[in-house]
Protein chains: 2
Amino acid sequence: MIDIFKGYKGKALSVLKQFNIRVWCDAHIKTTRGDFSGIILPRAENDDKNHIVLKLKTGYNVGINVKNITEIKELGYKEAHYKIPEKEFPFTEGKANIKLFGTGGTIASRLDYRTGAVIPAFSPGELYGAVPELADICNLETEKLFAVFSENMGPEQYKKLAIAIGNEIKKGVDGIVIGHGTDTLHHTAAAISYMVQNSPVPIVLVGSQRSSDRPSSDAALNLIHAATTAAESDIAEVVVCMFGPTSDEYGLLHQGTRVRKMHSSYRSTFRTIGDVPIARVTRDKITPIKEDYNRRRKDNKVDILPYFEEKVGMIYYYPNMQPDMIYSMIDNGYKGIVIAGTGLGHVNKPLYPAIRKCKEKGIPVYMTVQTLWGYVHMFVYDTGRDLMSYGVIPAGNMLPEVAYVKLGWALGQTSDIDKVKEIMMTPISNDITKREPYNGYLVYQGGIPEVEEFIRKVHK
Amino acid sequence: MIDIFKGYKGKALSVLKQFNIRVWCDAHIKTTRGDFSGIILPRAENDDKNHIVLKLKTGYNVGINVKNITEIKELGYKEAHYKIPEKEFPFTEGKANIKLFGTGGTIASRLDYRTGAVIPAFSPGELYGAVPELADICNLETEKLFAVFSENMGPEQYKKLAIAIGNEIKKGVDGIVIGHGTDTLHHTAAAISYMVQNSPVPIVLVGSQRSSDRPSSDAALNLIHAATTAAESDIAEVVVCMFGPTSDEYGLLHQGTRVRKMHSSYRSTFRTIGDVPIARVTRDKITPIKEDYNRRRKDNKVDILPYFEEKVGMIYYYPNMQPDMIYSMIDNGYKGIVIAGTGLGHVNKPLYPAIRKCKEKGIPVYMTVQTLWGYVHMFVYDTGRDLMSYGVIPAGNMLPEVAYVKLGWALGQTSDIDKVKEIMMTPISNDITKREPYNGYLVYQGGIPEVEEFIRKVHK
């Protein structure tokens, strides 16, 4: 007998029973926040008792809090086959042993892209059922560390993740894959680049922009690329592995400190900024683009530095910004501030007194550029030199969000601001580079037929 | 007889006299902030009495505050010919009449690219001496509205500029050019897009990334492109005109609400985000890339809407952000807030109570995405719908800085937050578009020979 309330618990289950609604039915839900129509999906998350998940006609899934539901009507019903064929993940002597950590986010919780169902495929057996190619690549072990939305990841999770990675490396794992929601994947990649240093093996962060119940999902292929990188590549760096072009031709490996989410919905959302990606990856091979990366080693040595001072903040300059923003950070006990300034690293004059006060209070202030590409250069104009005399430190070509993560990490190790400066200004994993290559910048290519054709192709 | 203190006044003049130092000498300056070597340049700015301007060996110019100078030594002297041959700008019957407004910034103050000198070339006669091609393009009239660094431009300047533009249009000018520092040129372009609507003529903002005393200066060519656009194009929009590629092959015209500075030092720093540029421009012709722009008209009608509420602010989300940032904005009387959120428009849970309080206080909060490309989409996850129930309004694909400018402009017109919402969500000059074209996004093109060659060429 089919369980028509597959996976639902608590209040959500009660509401479904109250309106006599089955999973997989086509339903119209009235709520205090508006109406929704779509297919009632089985539940993915483990502990949630408050939401009914609906697949909208747009292909997106929404979770509706049952407390807002005033009525559900069943419009039709079509039974679906949604079970992932769970098989034991085969162990093959000689294949690399890979550890997959789950942190929450799409890739860890939804992997059945064949049936239209949302399934928490995460155990090795489930992953094997959903993406059987994984068994050709590696021996897989999985561990769910957290189940939080990407935007709720923070220092606590960074530290736990770094320690868990360290333990696996010391046990002799051949590579690490971390499943992560995409919103703040690049912040976590930066944090792990600082907290896990001199790794002998690849550490690959991976996510997906489209959940695996959508036909265009990138979840399975990203996971295959990530597992291939972790198992087979000699790139012993913290990297982000996601689609290169919007089409599924290849993935790119981006250095953890030089990557940023640049599109809210494209699958090719992650871009290396101010550099070229480390490598291109397909199902069959990994093709390095750069040569200067740390090579895989045979030892189990790694430095785990799980520190973070939470009282750091970032200010993003805009015209007419007033100093109250900075004064309130001083009053609220912030211990470090990163500014994303304009141009070569400027802010307006009304902020100067507040910045001087930071210096008086011993609060280090680092300057980055909101252009994302290029360097802070504060010697060009007198205004920049004024800011430096007030203690503002130019942070080279560090990305603003990377400088924020690094400052939290540095202040977590010491409150001596000279030592903090030494840590900040010592390049780690190319967070500061001597130059940015010409082909690391973006050029509008319209009108060059080969380029137009290439762009059209990769956007198919 | 040569005035060896050319252009210096006040304290700066006294210090030069004290150390017996001539303009154009090769000097070593000791200051309390470090030492500098280079050529003492004549002064460009009008009212400044406190700085000596030095051309460093890197080609950059620095202004050194004389109060910090402890010693100057003359190392050598070579007289330079730096006078711009000032000729009367010829008036040609039948040529377009163009008004050039100066706001400060490199292009308006330094235009003599032949002699290595920094000269405030701004009057029509000086511009004609420096860039004689301008006389082939148009009849030119100039007016210096302000002389502020780009990062100090703000609402007061936006309003004055809009009113000045309106007066010129009503007098029958054929096109407007605005010289502007590059740091916040895109913010001003957005402000003018809102404050000057339904213009019958092109309004072209232009700057330069390298001052005109450097051999690689883009000042003269940008000005030629901008004057050509203002005089000859049928594009009656507010546009930014700057180098397309890093080489000088062509300029691009970017819509004022869809443009952003994306590189701190490249000449090709301005990029259209989430769309393609309106047109390509060379010395000879203007080639439209898009078709949907406002055409030039023969009337003198224009809507000038010079409004701005200064108590608006922007918050740029980062992991572990704490609500104190938003509470302090509430306490400090902010009347509107723009958030640049992650992914599809998210922030972490600790901010929710602060955002709810904004709703209680009647402070509108608009959500944009810090990915820059793509749309806010807050219906996908429950967290997004929670935020919307607390009053957060998704701002489509408006750029964060554009949403900030628009919110200040909307709140300057009305404090009724429903009317503000109507203004915010009504697309103006493509600040919100229905879709972003596939070739408006950036793709890493490495490995495609034609593309690599193209990129190499444009970076020559």
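Since this is a predicted model, take the numbers as computed values, not measurements. (Residues numbered from 1 in each chain as written. Chains lettered and ligands numbered in written order. Predicted model: local features only at pLDDT ≥ 70, side-chain atom pairs only at ≥ 80, totals over all residues. Heavy atoms only, no water.)

Trainee: Can you help me understand the overall build of chain A in this one?
Mentor: Each helix and strand counted, chain A has 13 helices and 21 strands in total. Among the 460 residues that make up chain A, the fraction classed as buried is 65%. Of the accessible surface of chain A, which amounts to about 16500 Å², a share of 50% is contributed by carbon and sulfur atoms. (Helix = DSSP H or I, 4+ residues; strand = E, 2+ residues; numbered from the N terminus. Buried < 20%, exposed > 50% of the residue type's maximum accessible area, 1.4 Å probe, protein only. Areas by Shrake-Rupley, 256 points an atom, 1.4 Å probe, with all protein chains shown as cover.)

Trainee: Before we go on, may I ask you to explain the sheet that holds strand β21 (residues 392–394) of chain B in this structure?
Mentor: Backbone hydrogen bonds are what pair the strands of a sheet, in a parallel or an antiparallel way. All names here are of chain B. Pairing within the open sheet is parallel, and its four strands lie in the order β18-β19-β20-β21. In this open sheet, the two edge strands, each paired with only one partner strand, are β18 (312–316) and β21. Across the sheet, the axes of successive neighbouring strands diverge by a mean angle of 30 degrees, strand direction being ignored. Pairing of strand β20 (residues 365–369) with β21, which is carried by three bridges, proceeds in the parallel orientation. Paired with methionine 367 across the strands is proline 394, a residue of β21. (Pairing = 2+ DSSP bridges. Axes fitted to C-alpha atoms, helices over the stretch in contact; angles between N-to-C directions.)

Trainee: Quick question: what am I supposed to make of the pattern of salt bridges here?
Mentor: Side chains bearing opposite charge may pair, as long as their charged atoms lie close to each other. All names here are of chain B. For the structure on display, the rule yields 36 salt bridges over all chains. A salt bridge links lysine 99 to glutamate 143; the shortest N-O distance between them is 3.0 Å. On the criterion of sequence distance, the pair formed by lysine 99 in strand β6 (residues 96–102) and glutamate 143 in strand β7 (residues 138–144) is long-range, its members being 44 residues apart. The partly exposed category is assigned to glutamate 143, whose relative accessible area is 31%. (Salt bridge = Lys/Arg side-chain N within 4 Å of Asp/Glu carboxyl O.)

Trainee: Hey, could you run me through the sheet that holds strand β5 (residues 69–77) of chain A in this one?
Mentor: All names here are of chain A. Spatial strand order, β4-β3-β2-β1-β5: five strands in an open sheet with antiparallel pairing. Single-partner strands in this sheet number two, and they are β4 (61–65) and β5. Each strand axis lies, on average, 35 degrees off the axis of its neighbour in the sheet, ignoring direction. Each of β2 (34–40), β3 (51–56) and β5 is contacted by helix α1 (residues 10–19), which is oriented at about 65 degrees to β5, the strand it contacts most. (Contact = heavy atoms within 4.5 Å.)

Trainee: What should I look at first to understand the pairing of β4(A) in this one?
Mentor: Residue and element names in this part refer to chain A. Extensive coverage of β4 is indicated by the burial of five of its five residues. Burial along β4 is two-sided: Asn61, Gly63 and Asn65 facing one way and Val62 and Ile64 facing the other are all buried. Both β3 and β4 contribute to a ladder of five bridges, which runs antiparallel. Bridge pairing in β4 places histidine 51 opposite asparagine 65.

Trainee: Can you help me understand the packing of aromatic side chains in this one?
Mentor: Geometrically, a pair of aromatic rings is defined through the distance of the ring centres and the angle of the planes. One pass over the full model with this rule turns up 15 aromatic pairs over all chains. Summarising the aromatic geometry, the rings of A:Tyr316 and B:Tyr316 are spaced 4.4 Å apart at their centres and angled 0 degrees between planes, so their arrangement reads as stacked. Of the two residues, A:Tyr316 is situated in strand β18 (residues 312–316) and B:Tyr316 in strand β18; the pairing between them involves two chains. For the pair A:Tyr316 and B:Tyr316, a shared accessibility class is recorded, and that class is buried. Here B:Tyr158 and B:Phe308 contribute two aromatic rings whose centre-to-centre distance is 6.2 Å and whose plane-to-plane angle is 65 degrees, an arrangement assigned as edge-to-face. In this pair, B:Tyr158 is assigned in helix α5 (residues 155–171) and B:Phe308 in the loop between β17 (303–304) and β18, connecting sequence segments 150 residues apart. We classify B:Phe308 as buried; its relative accessible area is 8%. Put simply, the rings of A:Tyr158, A:Phe308, A:Tyr404 and B:Tyr318 touch in pairs and so form one group of aromatic residues. In this structure, B:Lys311 is placed above the aromatic ring of B:Tyr334, and the distance from its NZ or CZ to the ring centre is 4.8 Å. The ring of B:Tyr390 has B:Arg356 sitting right over it, with the charged end atom 4.9 Å from the ring centre. (Phe/Tyr/Trp six-rings, centres within 6.5 Å; stacked < 30°, edge-to-face > 60°. Lys NZ or Arg CZ within 6 Å of the ring centre and 35° of its normal.)

Trainee: How do you make sense of the confidence of the model for chain A when you look at a structure like this?
Mentor: Low pLDDT marks stretches whose predicted atomic positions should not be read closely. All names here are of chain A. Residue-level pLDDT values for chain A average 87, and 87% of them are 70 or greater. Contacts of residues 108–118 to residues separated by more than four positions or lying in other chains number 51 contacts, the stretch itself having pLDDT below 50. Among the prediction metrics, the complex's ipTM stands at 0.85, with pTM recorded as 0.85. (pLDDT = per-residue confidence, 0-100.)

Trainee: Looking at this structure, I do not really get the relation of the copies chain B and chain A. What am I missing?
Mentor: What connects the two chain copies is a rotation about an axis and a shift along it. Expressed as a screw operation, the relation of chain B to chain A combines 0.0 Å of axial shift with a rotation of 180 degrees, fitting to an RMSD of 0.1 Å. Accordingly, the operation relating the two chain copies is best matched by a two-fold axis. Interface residue correspondence from chain B to chain A reaches 100%, placing this contact among same-surface, isologous pairings. (Least-squares fit on C-alpha atoms with pLDDT ≥ 70 in both.)

Trainee: Help me out: how do you make sense of the interface of chain B and chain A in this one?
Mentor: Opposite the 97 residues of chain B that make contact, chain A presents 97 residues. Across the chain B to chain A interface the summed buried area is about 8700 Å²; carbon plus sulfur atoms make up 56%. Viewed at the interface, chain A and chain B are joined by four salt bridges. Put simply, A:Arg33 and B:Asp386 hold a salt bridge, and the shortest N to O gap is 3.4 Å. For the pair chain B and chain A, the interface holds 37 residue pairs in polar contact (both at pLDDT 80 or more). Counting residues per element, the ones that place at least two in the side of chain B that touches chain A are β4 (61–65), α5, β13 (259–261), β18, α8 (324–331), α10 (382–389), α11 (400–413) and α13 (449–458) of chain B. Top element by residues in the side of chain B that touches chain A is α13(B). It accounts for seven residues. In terms of residue class, the side of chain B that touches chain A is built from 46 nonpolar, 32 polar and 19 charged. (Buried area = accessible area lost by both parts, 1.4 Å probe. Polar contact = N/O pair within 3.5 Å; in protein donor to acceptor, adjacent residues only side chain to side chain. Nonpolar A, V, L, I, M, F, W, Y, C, P; charged D, E, K, R; others polar.)

Trainee: What is the right way to look at the side chain of A:Asp386 in this model?
Mentor: Within the element layout of this structure, A:Asp386 appears in helix α10 (residues 382–389). Accessibility expressed as a relative area gives 11% for A:Asp386, which makes it buried. Other than its neighbours up to four places away in sequence, A:Asp386 contacts A:Tyr352 and B:Arg33.

Trainee: What should I look at first to understand the side chain of B:Ser150 in this one?
Mentor: Residues and elements named next belong to chain B. Residue placement: serine 150 occurs in the loop between β7 and α5. At a separation of 3.2 Å, a polar atom in the side chain of serine 150 contacts the main-chain amide nitrogen of aspartate 183. Ignoring anything within four residues of it in the chain, the contact list for serine 150 reads His180, Gly181, Thr182, Asp183, Thr184 and Leu185.

Trainee: I tried to follow the environment of A:Gly408 on my own but got confused; where do I start?
Mentor: Residue and element names in this part refer to chain A. Take glycine 408: it is sitting in helix α11 (residues 400–413). According to the relative accessible area criterion, glycine 408 is buried, its value standing at 0%. Glycine 408 sits 31 residues away from asparagine 439 along the chain, and the two C-alpha atoms are 31 Å apart. Discounting chain neighbours no more than four positions away, the residues touching glycine 408 are Tyr307, Phe308, Glu309 and Val312.

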